[in-house]
Amino acid sequence: MTQDELKQAVARAAIDYVVDGEIIGVGTGSTANFFIDELAKIKDRIKGTVASSEATAARLRGHGIPVFDLNEVESIAVYIDGADEITGQGAMIKGGGAALTREKIVASVSKRFVCIADGSKLVNTLGKFPLPVEVIPMARAAVMRRLAALGGQPRLRTKAGSDDAFITDNGGEIIDVAGLQIADPKALETEINGIVGVIAVGLFALSGANVCLLGTADGVKTLSF
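**Q** In this structure, what is going on with unusual backbone geometry? I would like to understand it.
**A** Trans peptide bonds make up most of the peptide bonds, and negative phi angles are found at most residues other than glycine. At Ala98, a residue that is not glycine, the phi angle is positive and equals roughly 70°. Structurally, Ala98 is set in the loop between β5 (92–93) and α4 (100–108). Accessibility expressed as a relative area gives 8% for Ala98, which makes it buried.

**Q** So what exactly am I meant to see when it comes to the sheet that holds strand β3 (residues 78–81) here?
**A** Consider a sheet: its strands pair through backbone hydrogen bonds, and that pairing is either parallel or antiparallel. The strand order across the open sheet formed by six strands is β2-β1-β3-β6-β12-β13, and the pairing between neighbours is mixed. Both edges of this open sheet fall to β2 (48–51) and β13 (219–224), since each of them pairs with a single strand only. Each strand axis lies, on average, 25° off the axis of its neighbour in the sheet, ignoring direction. Where strand β1 (residues 23–26) meets β2, four bridges bridge the pair, whose relative direction is parallel. Among the inter-strand pairings, Val26 is bridged to a residue of β2, identified as Ala51.

**Q** Any chance you could explain helix α5 (residues 140–149) here in plain terms?
**A** The α-helix advances 3.6 residues per turn, and as a result positions three or four apart in sequence lie on the same side. Of the positions making up α5, those classed as buried are Val143, Met144 and Leu147. When α5 is viewed along its axis, its buried side chains cluster within an angular range of 105° and face the same direction. Across α5 from its buried face, at more than 90 degrees, point the exposed residues Arg145 and Ala149. On its buried face, α5 is in contact with β7 (131–135), β8 (153–156), β9 (173–178), α6 (185–193) and β10 (198–201). Count one or two residues on from α5 and you reach Gly151, which has phi positive near 100°.

**Q** Please explain helix α3 (residues 54–62) as it appears in this structure.
**A** Those residues of α3 that sit buried are Thr56, Ala57 and Leu60. Buried residues of α3 fall within an arc of 100° about the axis and therefore sit on the same side. Summarising the geometry of α3, the exposed residues directed more than 90 degrees from the buried face are Ala55 and Gly62. Taken together, the buried residues of α3 touch β1, α2 (30–39) and β2. One or two residues past the end of α3 sits Gly64, with phi positive at roughly 75°.

**Q** Honestly, the sheet that holds β7 in this entry has me stumped. Any pointers?
**A** Taken in spatial order, the four strands line up as β8-β9-β7-β10 in an open sheet, and their pairing is antiparallel. The sheet terminates laterally at β8 and β10, the two strands that pair on one side only. Mean inter-strand twist for the sheet, computed between neighbouring axes without regard to direction, equals 30°. Examined bridge by bridge, β7 and β9 share five bridges and lie antiparallel to one another. Considered in β9, the bridge of Glu134 is made with Ile174. Across the sheet, α4 touches β7, β9 and β10, and the angle it forms with β10 is around 70°.

**Q** It is not clear to me how the environment of Val177 should be interpreted in this structure. Could you clarify?
**A** With respect to the element layout, Val177 can be found in strand β9. The class of Val177 is buried, set by a relative accessible area of 2%. Val177 sits 24 residues away from Gln153 along the chain, and the two C-alpha atoms are 5.2 Å apart. Contacts of Val177, omitting those with residues within four sequence positions, involve Pro130, Leu131, Val133, Leu147, Gly152, Gln153 and Pro154.

**Q** What is the right way to look at the environment of Asp16 in this model?
**A** Looking at the element boundaries, Asp16 is found in the loop between α1 (3–14) and β1. For the pair Asp16 and Asn210, spaced 194 residues apart in sequence, the C-alpha separation works out to 15 Å.

**Q** Sorry, what's going on with the packing of α1 against α2 here?
**A** How two helices sit against one another is set out by the angle between their axes and by the gap between those axes. The contact between α1 and α2 brings their axes to 8 Å, and the two run at 50°. In terms of their interaxial angle, α1 and α2 are classed as oblique. The two elements α1 and α2 meet at a crossing, and its hand is right-handed. Packed against α1, whose contacting residues are Asp4, Lys7, Gln8, Val10, Ala11, Arg12 and Ala14, the element α2 presents Ser30, Thr31, Phe34, Phe35 and Glu38 at the interface. Residue classes in the contact of α1 with α2 are distributed as five nonpolar, three polar and four charged.

Cut-off values and rules
- Residues numbered from 1 in each chain as written.
- Predicted model: local features only at pLDDT ≥ 70, side-chain atom pairs only at ≥ 80, totals over all residues.
- Heavy atoms only, no water.
- Helix = DSSP H or I, 4+ residues; strand = E, 2+ residues; numbered from the N terminus.
- Buried < 20%, exposed > 50% of the residue type's maximum accessible area, 1.4 Å probe, protein only.
- Pairing = 2+ DSSP bridges.
- Axes fitted to C-alpha atoms, helices over the stretch in contact; angles between N-to-C directions.
- Arc of directions from axis to C-beta.
- Contact = heavy atoms within 4.5 Å.
- Parallel < 35°, antiparallel > 145°, perpendicular 65-115°, else oblique.
- Left-handed = near helix turned anticlockwise from the far one by under 90°.
- Nonpolar A, V, L, I, M, F, W, Y, C, P; charged D, E, K, R; others polar.

Here it is as structure tokens:
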């Protein structure tokens, strides 16, 4: 099976976790896009959604799925999103799509977090995928120095085909930190969160996934944490 076929398989499997009549949190990225396309088939069964990015909101609305501002809802039954890496303990690196802050916010108020990913995303140790850190622009250089002191190789994310900084939906910039072997993701998440100027770090370990639907050549495997 191709990687896209694996993503489609987990997206279909995630529909079983959708709660009828409730608000569903929806993530950002290629795997989440497959889920949105599947969700459109049952859109009349849900009250609506909360999106983790402007791009996700646009795709949901394009399918005629209601999108609510998080401030308008009291609870979210389940948050469904992909991951750039995930461990067997449910800790993740997210933020390849630059939506890590809103993803973390929506996940934090959801009753359940279901990660959907192809099998290549399962790792023993996080860090091969560069760790995204969203920062206040004026703090960029200071934060990069702190991240380098932690043993990482920080690099400012730029717009495609440009030297200009990529700007998030929140007006922040993204620093991608390569070269990390994250043996204790909870401790590192806490440490980076404490750096002044950091908006959010793409480590989801203090509050990781509750379930991971992992697409493999042998079918969709369910990991519970």
